[in-house]
Amino acid sequence: MITLTIRHTTLYRYRLPVWLGPHRLMLRPRESRELRLISSDVTITPAASLSWAHDVFGNAVATASFKDMTDRLSIASVAVLELSASAWPVFDIAASAISYPFRYSDDEWSALGSLAVPIHPDPAGRLAAWARGFVRGSSTDTLAMLKDLHTGVPEAVRYQSREEEGTQTPLQTLDRGWGSCRDLAVLFVEAARSLGLGARIISGYFYNPDRQSASVGSTHAWAEIYLPGAGWITFDPTNRSVGGSNLIPVAVARGIAQAMPVTGSFTGMTDAFLDMSVGVDVTSTRRAA
């Protein structure tokens, strides 16, 4: 078990004072059997009133409302948590799903719904054909196939940090041969969906004590695939890892746009926006036996 402190700061600057519209914040880590949240605090300048709710995916969402004009908006989140996920997880996949292709039960299929349906158009079937290239024969080991697909993403696409908003489509990522962590995660999820699997996007943080990871200093995105018996299995194509021993989830969603940490608007001059900066620091405070 490891205790982590996560500091996440978002700063917006404007050339002239503006009116801030409501801002949607997804900054509170998701508690689970492997993650215990000790504390979570959000500090906003200028002062804002916060209202909390859970969205359709069960994510904790805060809405910040503002009264005064400002030329600067600072949102600082500090969370302390205990993470106990295994570095070498064993997945107890149901016998019915050990070999691919397999069929979800009627209840599972109904519950998965749109999570098993691709979001991005693939009119010529290029993405589907690329994904099928990782299926070895008419019947293959499901987990081995997913691991091959998961490894195939970073082999086909070079990681490159990208600060601008938005996400590339899977076909854009394949054609360009590079992408951010969110682009790689979307490619993997959409490829898995093209194979008939339930998949979802995860947004959160990555902890690496040696500070050598490409995602240190920013938020991170990865994927989960649903397999009967094992449940949701974590795949991080950017760091080529399976399992969540160093991942701190904040939001799960069908698409990455539904899991953005901070979204909002302002009213002011068309050239009022100056810049935005994001800082993330994930540190270990102590280890427990």
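Now for a quick tour of the structure.

Rules used in this analysis
Residues numbered from 1 in each chain as written. Predicted model: local features only at pLDDT ≥ 70, side-chain atom pairs only at ≥ 80, totals over all residues. Heavy atoms only, no water. Pairing = 2+ DSSP bridges. Helix = DSSP H or I, 4+ residues; strand = E, 2+ residues; numbered from the N terminus. Core = buried A, V, L, I, M, F, W, Y, C linked by side-chain atoms within 4.5 Å. Buried < 20%, exposed > 50% of the residue type's maximum accessible area, 1.4 Å probe, protein only. Contact = heavy atoms within 4.5 Å. Phe/Tyr/Trp six-rings, centres within 6.5 Å; stacked < 30°, edge-to-face > 60°. Lys NZ or Arg CZ within 6 Å of the ring centre and 35° of its normal.

**A look at the sheet that holds strand 4 (residues 49-54)**
Alright, step 1. Strand order across the open sheet formed by 4 strands is 4-5-2-16, with antiparallel pairing between neighbours. Either end of the sheet is taken by a strand with one partner, and the two such strands are strand 4 and strand 16 (262-263).
Alright, step 2. Relative to strand 5 (residues 60-65), strand 4 is paired through 6 bridges, and the arrangement is antiparallel. By the bridge assignment, W52 is partnered in strand 5 with A62.

**Some remarks on the nonpolar core**
Alright, step 1. Counting residues in hydrophobic clusters, the biggest one holds 39 residues, and the most contacted among them are L197 and I225.
Alright, step 2. When residues of this core are traced back to their parent elements, those giving at least two are helix 2 (126-132), helix 3 (142-156), helix 4 (170-176), helix 5 (181-194), strand 11 (199-206), strand 12 (220-227) and strand 13 (231-236).
Alright, step 3. At 9 residues, helix 5 tops the list of elements feeding residues into this core.
Alright, step 4. Setting aside residues no more than four positions away along its own chain, L197 makes contact with Y100, F102, Y104, L115, A116, M145, L146, A192 and I225.
Alright, step 5. Counting residues in each nonpolar core, the second largest holds 28 residues, with I2, A64, V250 and V280 among its members.

**What to know about the packing of aromatic side chains**
Alright, step 1. According to the stated counting rule, one finds 8 aromatic pairs in the structure shown.
Alright, step 2. Here W130 and F134 contribute two aromatic rings whose centre-to-centre distance is 5.1 Å and whose plane-to-plane angle is 75 degrees, an arrangement assigned as edge-to-face.
Alright, step 3. Ring geometry for F188 against F235: centres 5.3 Å apart, planes inclined by 45 degrees, an arrangement best described as tilted. In this pair, F188 sits in helix 5 while F235 sits in strand 13, placing the two residues 47 residues apart along the sequence.
Alright, step 4. Note on F188: relative accessible area 0%, which makes it buried.
Alright, step 5. It is R200 that lies over the ring of W232; its NZ or CZ is 4.1 Å from the centre.

Note that every value here comes from positions in space, so none of it alone points to a role or purpose.
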